[in-house]
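# Survey of secondary and tertiary structure
What follows is each chain in one-letter form.
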Amino acid sequence: MICKTEVCTDRRNKLKAITHHPYFGFFVITLLMLFVQFLRVVGVDIPNTLIRSFGITMIYIIVALGFSILLGYAGLASLGTAGFVGIGTYVLGYFTKNLELSIFLAIAVSIAGAIILGGIVGFISLRIEGMYLAIITLGLSEILNEVFKNAVNITNGTNGLGLDYSLVIFSKPIIVNHNTIFVFAAVVMFIMMILTLNIIKSPTGRAFLAMRNSTSAAQAMGVSILKYRLMAFIVSTVYALLGGIIYMSYISFSIPTTWNLAFSLNILAAVIVGGSQSIYGIVLGTFMIFGLNLGIFQQIPLFQENPAISVIFNGLLIVLVIMFYPGGLIRLVNKTYLKLKVFSKKLYQKWRVYRYGTDN
Amino acid sequence: MFGQQISSNGVEQMFDTKGYWNDVFLFVLALAVIFILLKIFVFKLFKNRDRAQSITINIMVALGIIFLIYRVYVMLDQGLPEVISAQDFLFRNIFNQTLQISVLALATTGIVLIFKTSTTTNFAQGMIATFGAFVAAKIIQRFAAAYPEMTVLNSVLLAMAGGAIVAFVLGMFIDVVIIRNSKDKTPVGKQMITMGLVLILSGAMPVIFGKVALPIQKMSYDPNIEFNFLGSPISITVHAYYTFLITVGLIAILFAALRFTKWGLGVRATASNEVVAGMMGVNTRIITAMSWAIAGLLGAVAAVVLTPNITNVSVAMMTPTQVNAFMAAILGSFSSFAGPLVASAIIPILTSLFSLVVPLWQNAIVYLVILAIVLVKPVGLFGKKVAKKV
Amino acid sequence: MVPIIEKLVLPVAIPIYERLVNSLKTRISFNQELLPIKIENLEKNAEKKLKFLKLKHQEKLLPYEIKAGVESEYLQEKYQFELAKIEDKYYWKNRIVKARAARKGIDANQDLEMLEKSKQNELAGLKAFYYPKDKDIKSYEEAKEVLDNEYREKVAQINQKLVQDIEKNQTLTQNKIEKYKKSLKIFEKRLAIYTAKKKAKYQIDDNTVLSIEGLSMYFGGLKAVDDLSFDVKEGEIFGLIGPNGAGKTTVFNCITRFYKPTMGEMYFKNAYDEVVFLNNKKVHNIIKEGIVRTFQNVEVVWELNIIDNLLVAAHTLYRSSFFGHMFNSKLLRQEERVMRKKAEKILEDLGLSAYKFAYPLGLPYGILKKIELARTLMANPKLIILDEPAAGLNEAETKDLAEVIKKIRSEYEATIFLVEHDMGLVMSICDTVCAISFGKKLAMGTPKEIQNNKTVQQAYLGGE
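Residues numbered from 1 in each chain as written. Chains lettered and ligands numbered in written order. Predicted model: local features only at pLDDT ≥ 70, side-chain atom pairs only at ≥ 80, totals over all residues. Heavy atoms only, no water.

It is worth spelling out the sheet that holds strand β4 (residues 263-269) of chain C at this point. Residue and element names in this part refer to chain C. On the basis of which strands lie adjacent, the open sheet formed by four strands has the order β2-β1-β4-β5 and antiparallel pairing. Two strands lie at the open edges of the sheet, namely β2 (222-233) and β5 (275-277), each paired on one side alone. Here the strands of the sheet are splayed against their neighbours by 15° on average, with no regard to which way each runs. In this structure, strand β1 (residues 208-219) lies alongside β2, joined through eight bridges in antiparallel fashion. Looking across to β2, one finds that Tyr218 is bridged to Lys223. Strands β1, β2 and β4 of the sheet are contacted by helix α5 (residues 248-255), whose axis makes an angle of about 115° with β1. (Pairing = 2+ DSSP bridges. Helix = DSSP H or I, 4+ residues; strand = E, 2+ residues; numbered from the N terminus. Axes fitted to C-alpha atoms, helices over the stretch in contact; angles between N-to-C directions. Contact = heavy atoms within 4.5 Å.)

Now the structure itself:
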């Protein structure tokens, strides 16, 4: 009973082309995030903490995307993420406060810095294999944490560094506040998701996977391990620094205790729990690890009194996912979705028999 | 030069003293020259390239440490008030690290043991150890009231035993129940499981043991042990002395077990090739479970003796030690037991020496030194390169 | 040119010119391959447009046809279609009624009759609509003329545009290629002058493609390969045999630069017909010279499907940069199309088209080995090194493999270097066989010669 003419089929295909387009899902996700903000602007009373949790989750999605390129595709474990995001926040704070430069210059500088930092860690990764690399980057993160605490001239030490909005954008009189930065963060998240997908599907992404599976085979096919390891680290560091800059714009405050080992582990958890090779997995994982915690758990008295419970929850997630769903929860979601499709088809058949009777 | 007085609060921060950048530059220059000279000389002596490289690096590190000690000595000599001699101060500083060295040795051995038998870097080592320390603290709390006549030493030892047993069981539990049943048994997967365990344990401990502060007292409040080392009077706390004895004892037992018992043979076999060891009749399951258990025990002992320095048992108590333990394992190479022990002596001494020279940044500098060494010799100071077949 | 300046300029100029020449050649071939794909796309789009145009035209004409009573094909089709729709609709309504009656246990005949009546009504109405009584032919003929002209115009427009587009693309590509060819000629002339001045760095026999001299690989005290020398002629299938541990794997690991040989020189005539000294090359650059290899333990990328696995091997042929990949640039999209077509052709040649979008996990071992083989063909290889390709294959599969290897040799004009234990395979397809043992060369010659050689028999084949 569906229209099968040329015109009908053609229109249907055009619609399919849009909804099945790889970027469409990202668009929907971004719209959903913006919807919350839209409700707030329109006047619906949404608690501040919920909006904030969405905002922070979006920012951490950006960081997690970079991390997933490193872990899920290039197969390199690095626990230095916390340090890099922290550097991003302090770069923005320091530049706008002390050097009075605009945010765009700060972004440019941090990208340059990310290239250098990522390059350094990349070179280190060539000498040091897998598990040792995790430990070395762990040490790096701890050292960066100490640097944040000690280099009081730049980071204001344990008191935290604040951001003065009036200094951030100097040309146009754009109203810069939490709401606008929220939209900005959502747009950046959307763009990064698209860019990440492009990288994954491109020859570079395939080279990463080849390198991950077997360095010898990859080299025999022309993939230079040096070049691609460097590239993976630089890309992921750029994502982390970018996330740091947007974090600083949104929260307008950065304190060293945020950027510690626990944060790196949480990002790792988000990527592993969600699914290290799928962008939707990253979104899911980040929501489960950060979003749930910030948005929902912290409103429940049980969690407020025992903040350790959400930590246990996250740890339990990691262990259970690795034990039983090594591909990440997104695989579970996909399987469930397929099963739902099959189930609903069966249900539909049953309804048809009810309504139309059987063929006699 | 470095400031007039060397005392913990009188030293100025790195950003203000610019005078010693010259020293650093000269030092690095000297390092480079010595390195090149050594390379030429040693490589002529030893035909085996890897062995020559290894010896060069080891000599460089030893020279570096000696030079650093000398430098600090000179600096102290000029900066200290007349009351203390530089040598005394220096040696006292080094021997003050005894407790740290012992704790680090225990922690590192645990990590290397687990790595050798199940190719996992156990990030949860510190948490398991802290768990044992909490148990020990609880035991002291309960028993201290019930049996006031027990000597301090005995009560601490009893608590330590209790905590060690619990950590032993916990370690075994983790291996048998969690890791054995996991679908993803790759080293990276197991590493991630330990990271998850870190979170679980760090969250569970405050819930289980409550938020009340739990102190463990030192093993002895007797007056310090005084002796003479190369003419300098050294005083070590009895607590550190006992710790040192316990550490040496435990590690000696472990080494003996590795060399002379069947279990030890099994560990060495599993460490070199798990699959083949299994085929030769080694029960790799028991070996791995026992390794995890013993590592837990060692960690708990380390945590218990560490507590009196930190006053109360807290969740993050073992984190710095654990990070250092990993550094020691990398520096000394995962593939031997003796290497990490040497490294766990080097790291605290280096850190304390650097804290005299560049306070606040000593951890960063030590990390950079370790990084430099590991970059030049990725397998660690005492490690061997393993060639892989393509 | 003054000799001193020559000495300074040549080492710099020659590589630059070489690179320019190579890049131009790649661009020419890329554009040549891209053109048919573009034309195909244009034709497909034009076809689609024409189809819809025709449909629209017919739709426009329809009311007039109905009024005029002209029974064109389209009218009949549409009438049948609407008829079928009505029949369909009442069929399902029928079934609803029957099912409801069956559920409630009541009699349905009345409802069914009513249904039948309304169906007849509708059918009548439909007929009346499509075949009305009064006919108006004049307006139909007028309208038909106008619409037909319009249609013809538009069709002509589209076809013209198509031809124009195709021509435009062709001329553009032609111009590009001409431009490249012109510069190519200039650069090649220049290069020829310089290379003539510069004494040929490395010499190699005329029809030899790979020349190994005095190759030795010592692992500490163990001499894995000891003073091995041989030549591989162009276009032949060369077999390297020897007992286990003889050093066969070490030999080609040295050739492909996974190991750095302790001593010895390796010369290779690469894809650009120039003799290179392999000892300086880095592992990941070997494929650019034209040497590819397969792996004994099948090394595929498990996360990618088969055709993507083939595309990995073409990695060095992509010109787009990382930023191009990140922003999905036009060049990347074009390159992907060209490479995918190439991969599809190779899969077809080897009979693997059915597995195009399959994932390697779970595929039979023989198929995976074939995929490895297909992968090597993507990079336009000059020399293909096969590492025990028949390992794990039964007799029938081995015979099939022999055919495939011979086919590859002739169709892709590649030299094959075979390291193998399966004597049947070696003796049947190899032109030259070299036998080694404990790293030393025992003998080299045709399969028959090797079979009859006493030393080889002793060491390997069982001895007398």
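Now that the structure is up, let's keep going.
The interface is formed by 40 residues belonging to chain C together with 38 residues belonging to chain A. Note on chain C versus chain A: buried area summed over both sides is about 3500 Å², and carbon and sulfur give 64% of it. Looking at the side of chain C facing chain A, the largest losses of area belong to His284(C), His315(C) and Phe322(C), adding up to 17% of the total buried there. Our enumeration of links across chain C and chain A arrives at four salt bridges. Between Asp308(C) and Arg206(A) there is a salt bridge; the shortest N-O distance is 3.9 Å. Where chain C touches chain A, the interface holds eleven residue pairs in polar contact (both at pLDDT 80 or more). Those elements giving two or more residues to the side of chain C that touches chain A turn out to be α1 (3-68), α2 (73-104), α7 (306-313), α8 (322-326) and α9 (330-349) of chain C. Top contributing element to the side of chain C that touches chain A by residue count: α2(C), with eight residues. For the side of chain C that touches chain A, the per-class residue count stands at 23 nonpolar, five polar and twelve charged. (Buried area = accessible area lost by both parts, 1.4 Å probe. Salt bridge = Lys/Arg side-chain N within 4 Å of Asp/Glu carboxyl O. Polar contact = N/O pair within 3.5 Å; in protein donor to acceptor, adjacent residues only side chain to side chain. Nonpolar A, V, L, I, M, F, W, Y, C, P; charged D, E, K, R; others polar.)

The next subject is a negative patch on the surface. Residue and element names in this part refer to chain C. On the surface, Asp134, Asp136, Glu141, Glu142 and Glu145 cluster together into a negatively charged patch. With respect to the helices and strands, the residue Asp136 is situated in the loop between α3 (109-130) and α4 (137-197). Judged by its relative accessible area of 31%, Asp136 falls in the partly exposed class. (Patch = residues over 30% accessible without salt bridge, like charges linked within 9 Å, V, L, I, M, F, W, Y side chains within 5 Å. Areas by Shrake-Rupley, 256 points an atom, 1.4 Å probe, with all protein chains shown as cover. Lys, Arg positive; Asp, Glu negative; His and termini not counted. Charge placed at Lys NZ, Arg CZ, Asp CG, Glu CD. Buried < 20%, exposed > 50% of the residue type's maximum accessible area, 1.4 Å probe, protein only.)

Residue and element names in this part refer to chain C. Going through the model one piece at a time under the given rule, you end up with 26 salt bridges over all chains. Lys382 is the salt-bridge partner of Glu234, the closest N and O atoms lying 3.9 Å from each other. Taken together, the residues Glu234 in the loop between β2 and β3 (237-241) and Lys382 in the loop between α10 (365-377) and β7 (383-387) connect sequence positions 148 residues apart. Residue classification places Glu234 among the partly exposed residues on the basis of a relative accessible area of 41%.

Our focus in this paragraph is the domain arrangement of chain C. Note on interface size: it is often stated as the accessible area lost on association of the parts. Residues and elements named next belong to chain C. Domain boundaries in chain C define domain 1 (2-53 + 152-197) and domain 2 (208-459). Look at where the C-alpha atoms of domain 1 and domain 2 centre, and you get two points 31 Å apart. With ten residues of domain 1 in contact, the opposing surface of domain 2 contributes nine residues. The largest share of the area that domain 1 buries against domain 2 comes from Asn22, Phe30 and Ile37, three residues that together contribute 44% of it. Here Lys341 makes a salt bridge to Glu40, at a shortest N to O gap of 3.4 Å. (Domains from an automatic or database assignment.)

All right, on to the nonpolar core then. For soluble globular proteins, the rule of thumb is that nonpolar side chains tend to be buried together. Ranked by size, the top nonpolar core spans 282 residues in total, and within it Phe208(A), Tyr239(A), Trp259(A) and Phe123(B) carry the most contacts. Looking at this core, the element that brings in the most residues is helix α12 (residues 225-251) of chain A, giving 17 residues. Non-local contacts of Phe123(B), meaning those with residues more than four positions away in its chain, are made with Leu79(A), Ala134(A), Ile135(A), Leu138(A), Gln191(B), Thr194(B), Met195(B), Val198(B), Gln322(B) and Phe326(B). (Core = buried A, V, L, I, M, F, W, Y, C linked by side-chain atoms within 4.5 Å.)

So, about the side chain of Asp308(C). Along the chain, Asp308(C) turns up in helix α7. Classification of Asp308(C) as buried rests on a relative accessible area of 15%. A polar contact of 3.4 Å, which involves the side chain of Asp308(C), links it to the side chain of Arg340(C). Apart from residues no more than four positions distant in its own chain, Asp308(C) is found in contact with Arg206(A) and Arg340(C).

Counting from both sides, the interface comprises 45 residues of chain B and, opposite them, 38 residues of chain A. Note on chain B versus chain A: buried area summed over both sides is about 3800 Å², and carbon and sulfur give 80% of it. When the buried surface of chain B facing chain A is broken down by residue, Met192(B), Leu199(B) and Tyr367(B) rank first, second and third, together holding 17% of it. The tally of links from chain B across to chain A stands at zero salt bridges. Counting across the interface, chain B meets chain A through six residue pairs in polar contact (both at pLDDT 80 or more). Looking at the side of chain B that touches chain A, the elements that each hand over two or more residues are α6 (152-179), α7 (187-209), α12 (319-332) and α14 (362-376) of chain B. It is α7(B) that contributes the most residues to the side of chain B that touches chain A, 16 residues altogether. Here the residues of the side of chain B that touches chain A are counted per class, giving 31 nonpolar, ten polar and four charged.

All names here are of chain A. One can describe the packing of helix α3 (residues 48-73) onto helix α13 (residues 261-274) by two numbers: an axis separation of 9 Å at closest approach and a directional angle of 75°. Put simply, α3 runs roughly perpendicular to α13. Residue-level contacts link Tyr60, Val63, Ala64, Phe67, Ser68 and Leu71 of α3 to Phe263, Ile267, Leu268, Val271 and Ile272 of α13. Residues belonging to the contact of α3 with α13 are distributed by class as follows: ten nonpolar, one polar and no charged. (Parallel < 35°, antiparallel > 145°, perpendicular 65-115°, else oblique.)

Attention shifts here to the packing of helix α14 (residues 279-296) of chain A against helix α16 (residues 308-324) of chain A. Residues and elements named next belong to chain A. Relative orientation of the contacting elements α14 and α16 amounts to 165°, with a least axis distance of 10 Å. One finds that α14 runs roughly antiparallel with respect to α16. Along this stretch, α14 crosses α16, giving a crossing that reads as right-handed. From α14, Met288, Ile289, Leu292 and Asn293 reach across to α16, where they touch Ser310, Phe313, Asn314 and Leu317. (Left-handed = near helix turned anticlockwise from the far one by under 90°.)

Any pair of aromatic rings gets described here by the distance separating the centres and the angle formed by the planes. For the coordinates displayed, the defined rule picks out 35 aromatic pairs over all chains. With 6.3 Å between their ring centres and 55° between their planes, Phe182(A) and Tyr250(A) make a pair best called tilted. Of the two residues, Phe182(A) sits in helix α9 (residues 178-201) while Tyr250(A) sits in helix α12, which places them 68 residues apart along the sequence. For the pair shown, Phe182(A) and Tyr250(A) are each scored as buried. By way of ring pairs, the aromatic residues Tyr60(A), Tyr247(A), Trp259(A), Phe263(A) and Phe290(A) are connected into one cluster. It is Lys93(C) that lies over the ring of Tyr90(C); its NZ or CZ is 5.5 Å from the centre. (Phe/Tyr/Trp six-rings, centres within 6.5 Å; stacked < 30°, edge-to-face > 60°. Lys NZ or Arg CZ within 6 Å of the ring centre and 35° of its normal.)

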